[in-house]
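Inside the fold
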Amino acid sequence: MKILDGKKVSNDIKEEIAVEVAQMKERGEKVPHLAAVLVGNDGASLTYVGSKVRSCEKIGFESTLIHLPEETTEEELLEKVKELNANPDIDGYIVQLPLPKHINEEKVLMAVDPEKDVDGFHPVNFGKMALDMESFIPATPFGIMELLKRYKVDTEGKNVVVIGRSHIVGRPISILMSQKGEAANSTVTLTHSRTRNIEELTKQADIVVSALGVPKFLKESMVKEGAVIIDVGITRVPDETQKRGYYITGDVDFENVEKKASFITPVPGGVGPMTIAMLLKNTLLARARHNKKA
């Protein structure tokens, strides 16, 4: 069994980007600029956005955090999005989800300029990705693909089962792994909460990608010997014995499933760190594309 160490790989990617940024500075070029819009004070979102800002500083990107109050109206947020679209200094930006309930998330995401949509959530980018055209790939699936590539996991002709059909992870990774290319060329089955025979399917899978958000859903009995296990789930489980009052776990019963797996991602330290690294990668790509058009 080999750990797919997302923390290590994400640090490697950040170092590679930092070298590119240092070279840009030496040439007197503009460095990539990533902005993040955060509405309200959701704890998980604050932590995540804070991590993005620190990562930008570490690799030499410029970063801007736009923190708006919880009571910000949909119209005010859309105006802010319009400003970011028009600002030539911003290469890419994200609108941190979830948004407060009084704001229509779909309307806001549709307003983001696809050329600056480094989260890869806009339908234009999703459509281009599905057609195997140049696009911004959602950061988490992008990170999974990069992990598989860097650990040289054999995916060609393999039977892949994806658990979860979200537009952010499950659906895009199922598309990416079925396409031609490295870490792809697989036969993919996309399962979800209405799938009746998930256990039968996972038992036959060479690779299982679980993005369900149900703690320890994937049990040892559900996977075959030598399977590759990608755990995208991350859940805070209340536990008064822990100093923080909770512990973090994924979709996979790691302690038991790892006995059978050939490769497995830990939680935390697996897919999570890759998400931020690939968001930075998308921002670097955005900056390069804007330079081509300039």
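What you are looking at is a predicted structure, and each value in this text was computed from that prediction instead of being measured.

Things to note about the sheet that holds strand 2 (residues 33-39)
Sheets are built from strands that pair by backbone hydrogen bonding, the pairs being arranged parallel or antiparallel. Overall, parallel pairing links the three strands, which are arranged 3-2-4 in an open sheet. Two strands in the sheet have a free side with no partner beyond their single neighbour: strand 3 (62-68) and strand 4 (92-95). Strand-to-strand twist across the sheet, computed as the mean angle between neighbouring axes with direction ignored, equals 15°. Bridge count between strand 2 and strand 3: seven bridges; the pairing is parallel. Its bridge partner being in strand 3, L34 is matched across the sheet by S63.

A word on helix 2 (residues 43-59)
Here helix 2 spans 25 Å end to end across 17 residues, near enough to the 24 Å set by a 1.5 Å rise per residue. Here helix 2 has its buried residues at S45, V49, G50, K52, V53, S55, C56 and I59. Where helix 2 starts, the residue carrying a side-chain oxygen 3.4 Å from the main-chain nitrogen of A44 turns out to be D42. One or two residues past the end of helix 2 sits G60, with phi positive at roughly 95°.

Describing the pairing of strand 7 (residues 207-210)
Burial along strand 7 is two-sided: the residues I207 and V209 and V208 and S210 are all buried. Here strand 5 (residues 159-163) pairs with strand 7 via four bridges, running parallel. Bridged to V162 within strand 7 is V209. Note: strand 7 against strand 8 (residues 228-231), four bridges, orientation parallel. In the strand pairing of strand 8, I207 is matched with V228.

Considering the pattern of salt bridges
If charged atoms from side chains of opposite charge come close, those side chains can pair. Following the criterion strictly, the structure yields 12 salt bridges and no others. The residue R27 makes a salt bridge to E29 at a minimum N-O spacing of 2.8 Å. Under the relative-accessibility criterion, E29 is labelled partly exposed at 31%. K224 is the salt-bridge partner of D206, the closest N and O atoms lying 2.8 Å from each other. Of this pair, D206 sits in the loop between helix 8 (198-204) and strand 7 while K224 is found in the loop between strand 7 and strand 8, placing the two residues 18 residues apart along the sequence. Exposure remark for K224: the relative accessible area of 30% places this residue in the partly exposed category.

Description of a negative patch on the surface
Among the surface-exposed residues, D42, E70, E71, E75 and E76 lie close enough to one another that they form a single negatively charged patch. Along the chain, E75 falls in helix 3 (residues 74-86).

Overview of the packing of helix 2 against helix 10 (residues 271-293)
Put simply, helix 2 and helix 10 touch, their axes get as near as 10 Å, and they point 55° apart. With respect to their mutual orientation, helix 2 and helix 10 come out oblique. Relative to helix 10, helix 2 is oriented so that their crossing is right-handed. Every residue of helix 10 that contacts helix 2 at Y48, S51, K52, S55, C56 and I59 is listed here: T275, I276, L279 and L280. Class assignment of the residues belonging to the contact of helix 2 with helix 10 gives a composition of six nonpolar, three polar and one charged.

About the thresholds
- Residues numbered from 1 in each chain as written.
- Predicted model: local features only at pLDDT ≥ 70, side-chain atom pairs only at ≥ 80, totals over all residues.
- Heavy atoms only, no water.
- Pairing = 2+ DSSP bridges.
- Helix = DSSP H or I, 4+ residues; strand = E, 2+ residues; numbered from the N terminus.
- Axes fitted to C-alpha atoms, helices over the stretch in contact; angles between N-to-C directions.
- Expected span 1.5 Å × (residues − 1).
- Buried < 20%, exposed > 50% of the residue type's maximum accessible area, 1.4 Å probe, protein only.
- Polar contact = N/O pair within 3.5 Å; in protein donor to acceptor, adjacent residues only side chain to side chain.
- Salt bridge = Lys/Arg side-chain N within 4 Å of Asp/Glu carboxyl O.
- Patch = residues over 30% accessible without salt bridge, like charges linked within 9 Å, V, L, I, M, F, W, Y side chains within 5 Å.
- Areas by Shrake-Rupley, 256 points an atom, 1.4 Å probe, with all protein chains shown as cover.
- Lys, Arg positive; Asp, Glu negative; His and termini not counted.
- Charge placed at Lys NZ, Arg CZ, Asp CG, Glu CD.
- Parallel < 35°, antiparallel > 145°, perpendicular 65-115°, else oblique.
- Left-handed = near helix turned anticlockwise from the far one by under 90°.
- Contact = heavy atoms within 4.5 Å.
- Nonpolar A, V, L, I, M, F, W, Y, C, P; charged D, E, K, R; others polar.

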